[in-house]
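Structural description and commentary
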Amino acid sequence: MIDTNVYLSRYPFRRLYGDEPSELLSTLRKNGIAQAWASSFDALLHRDLAAVNARLAEDCRRYSNGDLLPIGSVNPTAPDWREDLRRCIAEHRMQGLRLHPAYHGYGLDHPSLAELFGLAAERNIFLQIVCTMEDERTQHPLVKAAPVALDPLPGALRRAPNLRVQLLNCRGGSPELLTALALTQRAYSDFAMIEGVHGPARWNAALGSDRVVFGSYSPFFYCEAAVLKVKEAGMDSKTLDQNAKRLLGAKR
């Protein structure tokens, strides 16, 4: 399968089992992951995202044979975010970007985000929006990051034709919100934080079976758990892969 949600480097608040690149790749391969889309934990708190993205691209080249796809990060509230975007596309040949609004201090109604959405659509790259990184109950008391409010997203997608987005680590939403996202036909999601025996199946029904993709959130979560969710929910791995390829879009 294609795993759309993995991270390299170190989680800022604790060491994670298997967070060395070689160990992570070994675990993914044992669980049948043919390709993984990787961002860097450094993007959460490091200010120099250009350096973060450069290290990510180099690590993906060094440790894999093309089965780690680098997904860079930009902060649309930073002064030089347009240059970070340019480097991700022109220098590192990245096909997608991962946004961390909760850690970079903006909402999905921020004015700069509209420009970023437009540029991403124009350049045929997809955007991943990280809804949360960790349950609020276990976050470090000095670094609290509330889940991202998704209500502005359907309207933002309507104003950015052709933009493809993916929600990472989304834990649900109101029926009205999920219906509005499904109607755009350009909002995808993994189910890494959807819990319960029937949770992934309900998520599949809410967003549409053609908009749900596989994402393990390794190494924060165990890859085996995500694979088990697919089996328990009776989901088709081929459909999940087809959805991921559609999200990825045509190569430039």
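These notes cover the structure that comes with them. Note that this is a predicted model, so its numbers are computed, not measured.

Comments concerning the overall build of the chain
Along its length, the chain carries ten helices and seven strands. Its C-alpha atoms give the chain a radius of gyration of 17 Å, within 12% of the compact-globule value 18 Å for 252 residues. In terms of principal-axis extent, the alpha carbons of the chain reach across some 45 × 45 × 40 Å. By residue count, 56% of the 252 residues in the chain fall in the buried class. Residue pairs in contact within the chain that sit at least 24 positions apart in sequence constitute 76% of those at least 6 positions apart. When the accessible surface of the chain is summed, it comes to about 11,300 Å², and 51% of that surface belongs to carbon and sulfur atoms. Distance from the positive charge centre (31 side chains) to the negative charge centre (28 side chains) of the chain: 3 Å.

Quick word on the packing of aromatic side chains
Scanning the model with the defined rule gives eleven aromatic pairs in all. Ring centres 4.9 Å apart and planes at 15° place the aromatic pair Tyr217 and Phe220 in the stacked group. Like Tyr217, the residue Phe220 is buried in the burial classification. The class for Phe220 is buried, based on a relative accessible area of 13%.

Basis of the calculations
- Residues numbered from 1 in each chain as written.
- Predicted model: local features only at pLDDT ≥ 70, side-chain atom pairs only at ≥ 80, totals over all residues.
- Heavy atoms only, no water.
- Helix = DSSP H or I, 4+ residues; strand = E, 2+ residues; numbered from the N terminus.
- Rg over C-alpha atoms; globule rule 2.2 N^0.38 Å.
- Buried < 20%, exposed > 50% of the residue type's maximum accessible area, 1.4 Å probe, protein only.
- Contact = heavy atoms within 4.5 Å.
- Areas by Shrake-Rupley, 256 points an atom, 1.4 Å probe, with all protein chains shown as cover.
- Lys, Arg positive; Asp, Glu negative; His and termini not counted.
- Charge placed at Lys NZ, Arg CZ, Asp CG, Glu CD.
- Phe/Tyr/Trp six-rings, centres within 6.5 Å; stacked < 30°, edge-to-face > 60°.

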